[in-house]
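# Structure at a glance
Each chain, letter by letter, is given below.
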Amino acid sequence: MTSPMRPKNKNILLKVVILGDGGVGKSCLMNRFMSNQFDENSFHTIGVEFLNKDIEIDNDKYTLQCWDTAGQERFKALRTPFYRGSDICLLTYAVNDRDSFKGLKHWREEFIKYADVDGDSFPFIVVGNKNDVSASEREIGPDEVLAWCQEFHVVSFIETSAKTSENVSAAFIMAVREWKKCERNTDLTDGGDAIDLTRTVQLDSRSKSSCCSGNRNSQLRQTHEVLQ
Ligand code: GTP
Ligand code: MG
């Protein structure tokens, strides 16, 4: 259903922030989603970097502006200023790293504080990456994660592999659908007239993609994908 206030065929810009401990695979998830590539030797991110992708989901057109952040604690001051204005937050851990799962609580709290959002109604998605690892390497199973999600009122959880690409697009699509559900709820409570039309924009593809970024590939790229 298209909002009555949104012009048809216009892109909806959504800012998606990817958070999680250093090494869980945030940059690899983003690169798999953006350009279907995987880097075995991905370096730690310094600061933040964003890339845009145009995507069609359920007959609506979106530009997902995905912000990849540095998970290492020493880069906290570089990443937190970029949380404001986010529409969706992916809370990421690696299924073979229990500490990174424990870190989700901290990431959720950090995001709520610096994005200044209501944690109970914001569209958080929990992403368990590296699900390609062997059963003996796995440290976290879905049951534990689902219990965590219930405790913190997170509705969506998905396991992914940036290495094999399993569920990577699905995670972003799930995130957008979760955002849409939240938007619908806001529509209903606001009588349907509170859509922020300033968020429906066309992006300038010449603009810079990164701030304080230590990644090599810092040019903004726009890719196009139509999902059935
Ligand atoms: P920071 O930038 O420090 O926050 O780390 P990050 O979360 O961005 O991790 P990054 O994407 O750089 O990946 C860290 C390491 O995990 C790299 O060696 C990747 O090759 C590896 N990796 C990422 N995703 C996967 C995955 O799905 N499966 C496996 N097996 N390895 C992965
Ligand atoms: Mg990174």
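The structure presented is a predicted model; accordingly, all values stated were derived computationally and were not measured.

Attention now moves to the coordination of the magnesium ion (ligand 2). Ser 27 (OG) and Thr 45 (OG1) make up the full set of protein donors to the magnesium ion (ligand 2), lying at 2.1 Å. Separated by 18 residues along the polypeptide, Ser 27 in helix H1 (residues 26–35) and Thr 45 in the loop between H1 and strand E2 (48–57) bring together distant segments of the chain. Owing to a relative accessible area of 9%, Ser 27 belongs among the buried residues under this scheme. Under the relative-accessibility criterion, Thr 45 is labelled buried at 7%.

The subject of this paragraph is the site of ligand 1. Neighbouring ligand 1 are 24 residues, the closest being Lys 26, Ser 42, His 44, Thr 45 and Asp 132. Within the contact set of ligand 1, an oxygen atom lies 3.3 Å away from a backbone nitrogen or oxygen of Val 24. Between an oxygen atom of ligand 1 and a side-chain N or O atom of Ser 161, the distance comes to 3.5 Å. Within the complex, 89% of the 660 Å² of free accessible area of ligand 1 lies under protein. In terms of residue count, the dominant contributor to the shell around ligand 1 is H1 (three residues). Classifying every residue of the shell around ligand 1 gives six nonpolar, eleven polar and seven charged.

Counting residues in hydrophobic clusters, the biggest one holds 28 residues, and the most contacted among them are Tyr 62, Leu 64, Ile 88, Leu 90 and Phe 172. Only strand E1 (12–20), H1, E2, strand E3 (60–69), strand E4 (88–94), strand E5 (124–129) and helix H6 (168–189) provide two or more residues apiece to this core. Here the element with the most residues in this core is H6; it accounts for seven residues. The contact partners of Ile 88, leaving out residues within four places of it in the chain, are Leu 14, Lys 15, Val 16, Val 17, Phe 122, Pro 123, Ile 125, Ala 175, Val 176 and Trp 179. Of all hydrophobic cores here, the second largest spans 27 residues; its members include Leu 104, Phe 111, Val 145 and Phe 152.

Next up on the list: the side chain of Glu 178. For Glu 178, the location among the structural elements is in helix H6. Overall, the relative accessible area of 8% leaves Glu 178 in the buried class. Of the polar contacts made by the side chain of Glu 178, one reaches the side chain of Lys 181; its length is 3.1 Å. Sequence-distant contacts of Glu 178, that is, excluding residues within four places in its chain, are made with Pro 123, Ile 125, Val 155 and Ser 156.

Burial analysis of E3 places nine of its ten residues in the buried class, the great majority of the element. Both E1 and E3 contribute to a ladder of seven bridges, which runs parallel. Paired with Lys 15 across the bridge in E3 is Gln 65. With ten bridges connecting them, E2 and E3 associate as antiparallel partners. Residue pairing in the sheet places Leu 51 in a bridge with Cys 66 of E3. The antiparallel hairpin formed by E2 and E3 contains two residues in its connecting segment, where Asp 58 sits at a positive phi of about 50 degrees.

Next up on the list: the pairing of E4. Within E4, seven of the seven residues are buried, leaving the element largely enclosed by the surrounding structure. Residue alternation in E4 divides its side chains into two sets, Ile 88, Leu 90, Thr 92 and Ala 94 and Cys 89, Leu 91 and Tyr 93, and both sets are buried. When E1 meets E4, the two strands line up parallel, connected through five bridges. From the neighbouring strand, Val 17 faces E4, where its bridge partner is Cys 89. Pairing geometry for E4 and E5, over six bridges, is parallel. Among the inter-strand pairings, Leu 90 is bridged to a residue of E5, identified as Ile 125.

The rules we used
- Residues numbered from 1 in each chain as written.
- Chains lettered and ligands numbered in written order.
- Predicted model: local features only at pLDDT ≥ 70, side-chain atom pairs only at ≥ 80, totals over all residues.
- Heavy atoms only, no water.
- Donors = N, O, S within 2.8 Å, 3.2 Å for Na, K, Ca; no water.
- Helix = DSSP H or I, 4+ residues; strand = E, 2+ residues; numbered from the N terminus.
- Buried < 20%, exposed > 50% of the residue type's maximum accessible area, 1.4 Å probe, protein only.
- Near = heavy atom within 4 Å.
- Polar contact = N/O pair within 3.5 Å; in protein donor to acceptor, adjacent residues only side chain to side chain.
- Areas by Shrake-Rupley, 256 points an atom, 1.4 Å probe, with all protein chains shown as cover.
- Nonpolar A, V, L, I, M, F, W, Y, C, P; charged D, E, K, R; others polar.
- Core = buried A, V, L, I, M, F, W, Y, C linked by side-chain atoms within 4.5 Å.
- Contact = heavy atoms within 4.5 Å.
- Pairing = 2+ DSSP bridges.

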